Amino acid sequence: MSKEISVSDEYVWTTTTGMYQWIIEYLRSRVPDRGLWDFVEEEGFIAVDNFFVSDLPEPYRHRVLRILADEVPQAYADERCETPDRWSVHGYAVRSLEILAMMCAEVLRESGEPDRPRGGEAL
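First, a word on what this report is: a plain description of the structure on this page. Here the structure is a predicted model, which means the values were calculated and not measured.

Criteria and cut-off values
- Residues numbered from 1 in each chain as written.
- Predicted model: local features only at pLDDT ≥ 70, side-chain atom pairs only at ≥ 80, totals over all residues.
- Heavy atoms only, no water.
- Helix = DSSP H or I, 4+ residues; strand = E, 2+ residues; numbered from the N terminus.
- Buried < 20%, exposed > 50% of the residue type's maximum accessible area, 1.4 Å probe, protein only.
- Contact = heavy atoms within 4.5 Å.
- Axes fitted to C-alpha atoms, helices over the stretch in contact; angles between N-to-C directions.
- Parallel < 35°, antiparallel > 145°, perpendicular 65-115°, else oblique.
- Phe/Tyr/Trp six-rings, centres within 6.5 Å; stacked < 30°, edge-to-face > 60°.
- Lys NZ or Arg CZ within 6 Å of the ring centre and 35° of its normal.

Things to note about the overall build of the protein
- Broken down by element type, the protein carries five helices and three strands.
- When the helices and strands of the protein are read in sequence order from the N terminus, they spell out β-β-α-α-β-α-α-α.
- Classification of the 123 residues of the protein by burial places 44% in the buried group.
- Taking contacts inside the protein between residues at least 6 apart in sequence as the whole, the part at least 24 apart equals 62%.

Following this line, the structure appears as structure tokens:
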């Protein structure tokens, strides 16, 4: 069954259950603020298989967009693609995550947030 991350009304990224769970756990590690995760639970995002970044209250929305845009593809590659043979298995996933990152970067740009190079400082 596929899962989705709704970056905005225009950008919805579809992925596998395993990748979705990896992203949620990565976000939990980077934004350990209980307020965010209480909101996510109350809204039922995880239960409906769609993480609505667009519906998150500020400052969480901005923080999550920035993490998805700047960190997630590289973090996944670092964790899963330690050797060239692993890259052949997980390279498609990294490229897919780069599409998610581009969606998030575009939403940030549209909101007036300047671009930052990948691997920018953490929030």
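Picking up where we left off.
A closer look at unusual backbone geometry
- Cis peptide bonds are those with omega within 30 degrees of zero, and the linkage from glutamate 58 to proline 59 qualifies with 5°.
- Inspection of the secondary structure puts proline 59 in the loop between strand S3 (50-52) and helix H3 (60-70).

Points about the packing of helix H1 (residues 17-30) against helix H4 (residues 72-80)
- At a closest axis distance of 11 Å, the pairing of H1 and H4 adopts a crossing angle of 110°. Classified by the interaxial angle, the pair formed by H1 and H4 is roughly perpendicular. The residues of H4 that touch H1, namely those facing Met19, Trp22, Ile23 and Tyr26, are Val72, Ala75, Tyr76, Glu79 and Arg80.

Examining the packing of aromatic side chains
- Applying the stated criterion across every chain, the model contains six aromatic pairs.
- Each ring, one from phenylalanine 45 and one from phenylalanine 51, has its centre 5.9 Å from the other, and the planes form 85°; the classification is edge-to-face. There is no split in this pair, since phenylalanine 45 and phenylalanine 51 are both buried.
- The ring of tryptophan 37 carries arginine 28 above its face, with NZ or CZ at 4.5 Å from the centroid.

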